[in-house]
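Read off the chains here:
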Amino acid sequence: MIANAKQLPVEYNDGFPEGVYGALWRSGNAFGIIVSNECPTAGHRRFTLAHELGHYHLDGHVEQLFRGGDGLAPSLAGHFRGRKDPIEVEADAFAGELLVPTPFARSLLDGPSVGMRGVLRLRDAFDVSLSCAAIRYAQLADEPLVVVLSKDGVVEWTARSEALWAQGGWARRPWKQEWVPRRSGTRRLAGDAARRRTGADDSSELLACEWCEGAPPSAVAVEEAIGLGIFDRILTILRFPDLPDPDTAYLLAEREEREAREARDGSGRRGDWRTGLRTYGFDSTDD
Ligand SMILES: [Zn+2]
């Protein structure tokens, strides 16, 4: 409907290469979208369509995808893999905002710590996949939390709330390819195919440092996990209800960073311009 309003034809088709669910085509000034019939769910199909609309509408995407010529620009599979290409990240963000608009979503997330209940509410209200709903939840939440997608107990990607990111240091470390804790609900579901595939849930309350190395020693991580059915993956929400407020956390992280640096340099030297970059975590290791 959204696409038709813009005179952009949408087709559903077979025969896409593996891992590709959508594409934008160009022929002169005409554009169109093709979505694969192999999208496993309606939510996935809607996300794919919205993602391609993003490429059509966002500044610079058409130019970059077609380089002035005609052709077909396929997009690699949606939100089950960490994306690196900036235009793919932008198109995903566009899709998330289009399908789960901020003001309406916020009204469904009212009240503190709604957790998985809030994610399910978003999924049902906007008819999107659980993972899309969870990413939007992470983007909109005011509290420190992270959404983790894992398969067989190994993390595939994470989405952190701004309030968690603001904790600095440990909270920004990449988790990809790491094991989830042995005592977690996520690990229990990973070991139980029948429950995982029927969308069963599990939960735990562990120390934050069992999930994230370097987290404050007494902080708690409240976990809610749910099986993603046919995707054979597990979606987990971790909330950290008793972390220090971000300003304090930031100062603590900065002090830790400085002390580590001084210990490393052995000289306690100050004023190195590069330290600012390190403090803000702009390294290239987080994928
Ligand atoms: Zn794309």
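Residues numbered from 1 in each chain as written. Predicted model: local features only at pLDDT ≥ 70, side-chain atom pairs only at ≥ 80, totals over all residues. Heavy atoms only, no water.

Q: Would you take a moment to explain the coordination of the zinc ion for this structure?
A: Any two of four tetrahedral donors ideally make an angle of 109.5 degrees at the metal, while pairs among six octahedral donors ideally make 90 or 180 degrees. The coordination sphere of the zinc ion contains the protein donors H51 (NE2), H55 (NE2), S75 (OG) and E88 (OE), at a distance range of 2.0 Å. Each donor residue of the zinc ion lies on the same chain, and together they follow the pattern H-x3-H-x19-S-x12-E. Of this pair, H51 and H55 both sit in helix α2 (residues 42–57), separated by four residues, roughly a single helical turn. In this structure H55 comes out as buried when scored by relative accessible area, which is 1%. (Donors = N, O, S within 2.8 Å, 3.2 Å for Na, K, Ca; no water. Helix = DSSP H or I, 4+ residues; strand = E, 2+ residues; numbered from the N terminus. Buried < 20%, exposed > 50% of the residue type's maximum accessible area, 1.4 Å probe, protein only.)

Q: Mind showing me how you'd approach helix α6 (residues 115–126) here?
A: Because an α-helix completes one turn every 3.6 residues, residues spaced three or four positions apart along the sequence face the same direction. A rise of 1.5 Å per residue sets the reference length of α6, with its twelve residues, at 16 Å; its end C-alpha atoms lie 17 Å apart and thus fit the reference within 8%. Looking at α6, one finds that the buried residues are G115, M116, G118, V119, L122 and F126. Angular distribution of buried residues about the axis of α6 spans 155°; they occupy a single face of the element. Seen from the open side of α6, the exposed residues pointing more than 90 degrees away from its buried face are R117 and D124. Packing partners of the buried residues in α6 comprise α2, α4 (86–99), α5 (102–108), α7 (130–140), β8 (220–227) and β9 (234–239). (Expected span 1.5 Å × (residues − 1). Arc of directions from axis to C-beta. Contact = heavy atoms within 4.5 Å.)

Q: Is there a simple way to think about the packing of α2 against α4 in this case?
A: Helix-helix packing is described using two parameters, namely the angle between the two axes and the distance between the axes. Closest axis-to-axis distance for the α2/α4 pair is 8 Å, and the angle between their directions is 120°. Judged by the angle between their axes, α2 and α4 are oblique. As α2 packs across α4, the resulting crossing turns out to be right-handed. Here R46, F47, A50, H51, L53, G54, H55 and H57 of α2 come into contact with α4, specifically with I87, E88, A91, D92, F94, A95, G96, L98 and L99. Its residues assigned to classes, the contact of α2 with α4 shows nine nonpolar, five polar and three charged. (Axes fitted to C-alpha atoms, helices over the stretch in contact; angles between N-to-C directions. Parallel < 35°, antiparallel > 145°, perpendicular 65-115°, else oblique. Left-handed = near helix turned anticlockwise from the far one by under 90°. Nonpolar A, V, L, I, M, F, W, Y, C, P; charged D, E, K, R; others polar.)

Q: Can you walk me through the sheet that holds strand β5 (residues 145–151) in this structure?
A: Hydrogen bonds between backbone atoms are what pair the strands of a sheet, whose relative direction is either parallel or antiparallel. Spatially, the five strands line up as an open sheet ordered β6-β5-β9-β8-β7, and their pairing is antiparallel. A single partner strand is all that each edge strand has here, and the edge strands are β6 (154–160) and β7 (201–207). In this sheet, adjacent strand axes meet at a mean angle of 20° when their direction is disregarded. With six bridges connecting them, β5 and β9 associate as antiparallel partners. (Pairing = 2+ DSSP bridges.)

Q: Help me out: how do you make sense of unusual backbone geometry in this one?
A: Trans is the common state for peptide bonds, and a negative phi is the common state for residues other than glycine. Phi at D127 takes a positive value of approximately 55°, unusual for a residue other than glycine. Position of D127 relative to the elements: it lies in the loop between α6 and α7. For D127, a relative accessible area of 44% translates into the label partly exposed. Within the chain, Q177 stands out as a residue other than glycine whose phi angle is a positive 75°. Positionally, Q177 belongs in the loop between α8 (162–165) and α9 (185–190).

Q: Explanation requested: α4 in the structure shown.
A: Its 14 residues place the ends of α4 20 Å apart at the C-alpha level, agreeing with the 20 Å of an ideal helix rising 1.5 Å per residue. Considered for burial, the residues of α4 that qualify are I87, E88, A91, D92, A95, G96 and L99. Contacts made by the buried residues of α4 are with α2, α3 (61–66), β4 (71–76), α6 and α7.

Q: How should I be thinking about the pairing of β8 in this particular structure?
A: The side chains of a regular strand alternate, residue by residue, between the two faces of the sheet. With seven of eight residues buried, β8 is to be regarded as a mostly interior element. As paired strands, β7 and β8 are joined by seven bridges and run antiparallel to one another. Of the residues in β8, the one forming a bridge with E205 is V222. Bridge count between β8 and β9: six bridges; the pairing is antiparallel. Along β9, the bridge assignment pairs I226 with L235. Connecting β8 to the next strand, β9, in antiparallel fashion are six residues, including G229 with a positive phi near 55°.

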